[in-house]
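Okay, here's what each chain looks like letter by letter:
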Amino acid sequence: MKNNTHRTLLPTSTAGSLPKPSWLAQPETLWSPWKLANKELTDGKHDALRISLHEQQQAGIDIVSDGEQTRQHFVTTFIESLTGVDFENRQIVKIRDRYEASVPTVVGEVSRPKSVFIEDAKLLRKQTSKPIKWALPGPMTMVDTLYDDHYHSREKLAWEFAKILNQEAKELAAAGVDIIQFDEPAFNVFFEEVNDWGVTCLERAIEGLKCETAVHICYGYGIKANTDWKNTLGSEWRQYEEVFPKLQASNIDIISLECHNSQVPIELLELIRGKKVMVGAIDVATSIIETPEEVAHTLRKALKHVDADKLYPSTNCGMAPLSRQIARGKLAALSAGTEIIRKELLSTIN
């Protein structure tokens, strides 16, 4: 039996990363190299985790995270700890079918010789009594961020990653993580694969977990490759329509989505009615801080298709490329806008 620890109406959270301190990595730069090394780096990451948690709590965020302060990249930091992947042997691949990148190569059977994030998660758990959420890369997105010279099958490699992720997720849950989120931006691109084996692999990754589970599917960070792609999608972004029916029937508890300032027809949320939904009410592709009323407006629209007890206000994606000041402002706006809607909902009950 899974415990639902989120008794707050409309519990707020972040979808992913938060900006790192300037002494740890280059500010406003995605996937920036570390400025520290060895024990100083470990200590610096943990200090940054504490700062990120403090800023979330100061902003009134209900479900907190590590802000991904201990990882350089949301996929490859996890893969670095696995065997069977050669980071020196790099190949150029097209990621998410839209931009080329130099990626490591799978050269043998992949395995996880030890825990990857468990110590970081234990540290976060000790720092707060609030519910905590931890993000892991999803199997399909992991496959799409590598060159496979061993399995020669995206599905076979994804299945191996799903088993590895399940091992990690069970240890994170045992360490006190309340929600484990799998980041699957690839679900917004490879629809046939999602429906053929992507969701099945994801369900293998969550098998036997006693905590809640989430899948995050968005249109990416606010980087040029993503914004250029979004500009080609027309006046309506209906990608979610391709995968929602399969996700609706899945064992995943929560679906995390991009909504604010996007061209996603809000009525598509009706396709996952009954699921818990993390509704992105903060645009991470702009430095303009939303007003509380703008956040509230997005949530009001979502409430037409998501039951109030299943709506989790969140950000569209991670905010690592933004300044810390802007990110703090956006988190505060998320909390303030959510409070407007809480009061409106409670007034209709009383």
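Higher on the page you've got the structure.
If you're wondering where the values come from, they're calculated on a predicted model, not measured in any experiment.

**Q** Explanation requested: the overall build of the chain in the structure shown.
**A** The helix and strand tally for the chain stands at ten helices and nine strands. The C-alpha radius of gyration of the chain comes to 19 Å, within 12% of the 20 Å expected for a compact globule of 350 residues. The C-alpha extent of the chain, read off along each of the three principal axes, is 60 × 45 × 45 Å. Looking at the 350 residues of the chain, the share that counts as buried comes to 59%. Sequence separation of at least 24 residues holds for 76% of the intrachain contacts in the chain that already meet a minimum separation of 6.

**Q** I keep staring at the nonpolar core and nothing clicks. Help me out?
**A** For soluble globular proteins, nonpolar side chains are generally found buried alongside one another. Leu136 and Phe244 are the most contacted members of the largest nonpolar core, which totals 94 residues. When residues in this core are grouped by element, the largest group, eight residues, is from helix α5 (residues 154-174). Setting aside chain neighbours within four positions, we find phenylalanine 244 in contact with Ile255, Leu257, Leu268, Leu269, Leu271 and Ile272. Residues Ile63, Ile179, Met278 and Tyr312 belong to the second largest nonpolar core, which totals six residues.

**Q** Is there a simple way to think about the sheet that holds strand β2 (residues 99-111) in this case?
**A** Pairing between the strands of a sheet comes from backbone hydrogen bonds, and it takes one of two forms, parallel or antiparallel. Across the sheet, three strands lie side by side as β1-β2-β4; this open sheet has mixed pairing. Across the chains shown, the open sheet's two edge strands, defined by having one partner strand only, are β1 (83-95) and β4 (147-148). Contacts from α5 reach β2 and β4 within the one sheet, and its direction differs from that of β2 by about 70°.

**Q** Would you explain the sheet that holds strand β8 (residues 276-280) in this entry?
**A** Read from one edge of the open sheet, six strands run β3-β5-β6-β7-β8-β9, paired in parallel fashion. For this open sheet the edge positions go to β3 (133-137) and β9 (311-314), each flanked by a neighbour on one side alone. Here the strands of the sheet are splayed against their neighbours by 25° on average, with no regard to which way each runs. Pairing of β8 with β9, which is carried by four bridges, proceeds in the parallel orientation. Within the sheet, the bridge partner assigned to methionine 278 lies in β9 and is tyrosine 312.

**Q** Just checking my understanding: could you explain unusual backbone geometry for this structure?
**A** Glycine aside, residues mostly have negative phi angles, and peptide bonds mostly take the trans form. Phi is positive for glutamate 28, which is not a glycine, with a value near 55°. Counting through the fold element by element, glutamate 28 comes out in the segment before α1 (38-58). Non-glycine residue aspartate 97 carries a positive phi angle of around 60°. Of note, aspartate 97 is situated in the loop between β1 and β2.

**Q** Looking at this model, I keep getting lost on the packing of helix α9 (residues 292-302) against helix α10 (residues 324-349). Mind explaining?
**A** To characterise two packed helices, one gives the angle between the axes of the helices and the distance between these axes. The N-to-C vectors of α9 and α10 enclose an angle of 55°; their axes lie 7 Å apart at closest approach. If you check the angle between α9 and α10, you find them oblique. Once α9 is placed against α10, the crossing between them reads as right-handed. For the pair α9 and α10, contact is made by Pro292, Glu293, Val295, Ala296, Leu299 and Arg300 and by Ala333, Leu334, Ala336, Gly337, Thr338, Ile340, Ile341 and Glu344, respectively. Per-class residue counts for the contact of α9 with α10 are nine nonpolar, two polar and three charged.

**Q** Just to check I follow, could you spell out helix α8 (residues 239-248) for this structure?
**A** In an α-helix, one turn spans 3.6 residues, which is why side chains three or four residues apart end up on the same side. By the burial criterion, the buried members of α8 are Gln239, Tyr240, Val243, Phe244 and Leu247. Mapping the buried residues of α8 onto a view down its axis gives an arc of 125°, with all of them on the same face. On its buried face, α8 sits against α6 (191-205), β6 (212-217) and β7 (254-258).

Reading the values: the criteria
Residues numbered from 1 in each chain as written. Predicted model: local features only at pLDDT ≥ 70, side-chain atom pairs only at ≥ 80, totals over all residues. Heavy atoms only, no water. Helix = DSSP H or I, 4+ residues; strand = E, 2+ residues; numbered from the N terminus. Rg over C-alpha atoms; globule rule 2.2 N^0.38 Å. Buried < 20%, exposed > 50% of the residue type's maximum accessible area, 1.4 Å probe, protein only. Contact = heavy atoms within 4.5 Å. Core = buried A, V, L, I, M, F, W, Y, C linked by side-chain atoms within 4.5 Å. Pairing = 2+ DSSP bridges. Axes fitted to C-alpha atoms, helices over the stretch in contact; angles between N-to-C directions. Parallel < 35°, antiparallel > 145°, perpendicular 65-115°, else oblique. Left-handed = near helix turned anticlockwise from the far one by under 90°. Nonpolar A, V, L, I, M, F, W, Y, C, P; charged D, E, K, R; others polar. Arc of directions from axis to C-beta.

These results come straight from atomic positions and should not be treated as a statement about function.
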